[in-house]
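# Reading the structure
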Protein chains: 2
Amino acid sequence: MGNRNPFLPLSDAESPLLVGIDVGGTNIKLGLLDDQGRTLAYHTIPTEEEKGPNDATRRMGLGIEQLLQQSCAAPSDIARVGLATPGPMDLEAGMLLNPGNLPQWWDFPIRQRMSDECGLPVRYANDANAAAYGEYWRGAGSQFHSMVLLTLGTGIGGGIIVGDHLIEGAHGCGSECGHVLIDPSDDAPRDTLEKSGSLEAFCGAYAVVGRAQAALDEGHQSSLAKVAGSGTEITPLDVAQAAEAGDQMARHVVMDTAEYLALGIVTLIHAIDPDSVVLGGAMTFGGAGHPLGEAFLQRVRDQTLPRLLQPLRKTLRIEFAQLGGDAGYIGAAGLARLEHQQLQ
Amino acid sequence: MGNRNPFLPLSDAESPLLVGIDVGGTNIKLGLLDDQGRTLAYHTIPTEEEKGPNDATRRMGLGIEQLLQQSCAAPSDIARVGLATPGPMDLEAGMLLNPGNLPQWWDFPIRQRMSDECGLPVRYANDANAAAYGEYWRGAGSQFHSMVLLTLGTGIGGGIIVGDHLIEGAHGCGSECGHVLIDPSDDAPRDTLEKSGSLEAFCGAYAVVGRAQAALDEGHQSSLAKVAGSGTEITPLDVAQAAEAGDQMARHVVMDTAEYLALGIVTLIHAIDPDSVVLGGAMTFGGAGHPLGEAFLQRVRDQTLPRLLQPLRKTLRIEFAQLGGDAGYIGAAGLARLEHQQLQ
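The structure presented is a predicted model; accordingly, all values stated were derived computationally and were not measured. (Residues numbered from 1 in each chain as written. Chains lettered and ligands numbered in written order. Predicted model: local features only at pLDDT ≥ 70, side-chain atom pairs only at ≥ 80, totals over all residues.)

## A word on the interface of chain B and chain A
With 37 residues of chain B in contact, the opposing surface of chain A contributes 37 residues. Counting residues per element, the ones that place at least two in the side of chain B that touches chain A are α8 (248-272) and α10 (310-313) of chain B. It is α8(B) that provides the largest number of residues to the side of chain B that touches chain A, a total of seven residues. Across the side of chain B that touches chain A, the residue classes tally to 20 nonpolar, 10 polar and seven charged. (Contact = placed C-beta atoms within 7 Å. Helix = DSSP H or I, 4+ residues; strand = E, 2+ residues; numbered from the N terminus. Nonpolar A, V, L, I, M, F, W, Y, C, P; charged D, E, K, R; others polar.)

This is the structure:
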């Protein structure tokens, strides 16, 4: 064994290390973690999707070597690699199927290729699920026994963990929590996949912008009129900034988003009965410690709790995520740790 | 070991037996099962709720003795008892909390008392969850890796199993699938718990009857007018019988129920991504092999699939439950078997 990172307590000297890798459309994040989920070394490499998956797995293998150098650890210190990619995938076969943002990587046996590259066993996972497991292991869910994570962004992703059991689904799509229905009416908004009435169709980034634009079109007074008038499209950040600056229309749009989100959360809580619901992603309006983010979160709570069956309200917590963009690689490492434990 | 039931193959002679008990408001079902889930002996006793839980656990203990006599088995042949009751309960503590249909049994340490009574370890479970596990182990879900069960009746209950993992929830209520929201509008119907817009508020027995009555009130022609005109309330059975006899209004009510149910199923599938959705309970309009039941099921399928994300449609099956009222005690025995395996 090589010298260990000085932050790693001596008592952990024999506990296994884990690598977590999170493949995104732009960057690949790689981390070396100890058994407690502390990151000992970290770096990112560009995905360079167009060069194909063989090139990327080769560079991920080199990336693992770099992690070992950074932390003065030996290859034999690593128990297992956790690898997260976008879905859909065939988890059992370790195959990437046809993710929309990795068109050159379709139908690629990524688990085996990654394992060949680094000479280690690989736990393969959906990236949204891995992020959920990361928050559960080391982030906002670490005090709870079960957690539903909603990731708010252009779309709405999610992950569900019950006990130490990650619900991975029969088709490797992660938990498609953004596609729970909240409005059955024929004229309900449509989401990015043209599905009508889904949570995403009300709370995804396009939906938020769309409601702001519609309010302007209806003649509501707002500082957003300047943005729209300049010929550029309103962004979610414009809405958030206007709301923060006291713009009433923008604030209504944000708070309406919280109310729609609560409808989806009520449904998920009744189906799963979790200890905790955690909200992450870019569309949390500043998130924890930020006045607009906190007001958004409080509105979600206020609109959720009265709709729940009474016994389900007890001890339930609705909180912001804590790990940000690191949740994916941390969770991938956590899932590798879990598989390592289970197979021992 | 005593003589074994002749239906038990000799090769199973050393495999453990299991007791499954399902406590309902009226009757308690008790079964002795082998490791494959075959029922070797079965009988029921009245719940006699008013005599309190100590009396009932004593009689359940005697009921286990009777099962052993029926099957010529010895107490030492039984590995574990599975005990299912209505919730809410504290599963970790083995406590029955405050189930609405067992008012004399509130705050009763039922797992320990049952274990004291029979001298065996007891796996305690929510009755809806146990029924779901029963269908998963031995019924409609036995070919699948994951299953969402919806039990259609006065209310709508449910259970979710992923892998061999039953989602029991943080508050021992089972999966409250009947309370997923399908309509957020302020004037949506309310369910038995006065919650607005829930699946149960559209597909529970009262909702079905309510829609039939509303159609009559609006002047729609129907043979149900005779029932309503005689001063008695329409029942779900009346609606089903009229629909079977070709009454168009009644058939519309049944098919509308299928369409509302599909909305809830779409939501549950997106959240969980199961292999199978199984429909049980009294409100399945005759169920499998019955023309109205089959038309109902087909409408559910036809309304569900087009609303699903494309990858989730593959291999998904929507079927009727197979075990009827036996699912609870069979599932309780199955959960006892699972715990026995896990603790060995």
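## Some words on the pairing of strand β8 (residues 146-152) of chain B
All names here are of chain B. Among the seven residues that make up β8, seven are buried, leaving the element largely enclosed by the rest of the structure. Neither face of β8 is exposed, since Ser-146, Val-148, Leu-150 and Leu-152 on one face and Met-147, Leu-149 and Thr-151 on the opposite face are all buried. Pairing analysis gives seven bridges linking β8 to strand β9 (residues 156-162), with the strands arranged antiparallel. Each bridged residue has a counterpart across the sheet, and for Leu-152 the counterpart in β9 is Ile-156. Adjacent in sequence and paired antiparallel, β8 and β9 are bridged by three residues. As judged from the five bridges shared by β8 and strand β11 (residues 276-280), these two strands associate in the parallel manner. (Buried ≥ 20, exposed ≤ 12 C-beta atoms within 10 Å, placed from the backbone. Pairing = 2+ DSSP bridges.)

## Focus on the domain arrangement of chain A
Residues and elements named next belong to chain A. Once the domains are mapped, chain A shows domain 1 (10-134 + 325-343) and domain 2 (143-322). Elements represented by at least two residues in the side of domain 1 that touches domain 2 include exactly β5 (89-90), α3 (127-138) and α11 (327-343). If one sorts the elements of the side of domain 1 that touches domain 2 by residue count, α3 sits on top with five residues. Split by residue class, the side of domain 1 that touches domain 2 holds 10 nonpolar, three polar and one charged. (Domains from an automatic or database assignment.)

## Quick notes on the packing of helix α7 (residues 236-244) of chain B against α8(B)
Residues and elements named next belong to chain B. At their nearest, the axes of α7 and α8 sit 7 Å apart, and the two run at 115 degrees to each other. At the point where α7 passes α8, the crossing takes the left-handed sense. Here α7 contributes Val-239, Ala-240, Ala-242 and Ala-243 to the contact with α8, which in turn contributes Ala-250, Arg-251, Val-253 and Val-254. Classifying every residue of the contact of α7 with α8 gives seven nonpolar, no polar and one charged. (Axes fitted to C-alpha atoms, helices over the stretch in contact; angles between N-to-C directions. Left-handed = near helix turned anticlockwise from the far one by under 90°.)

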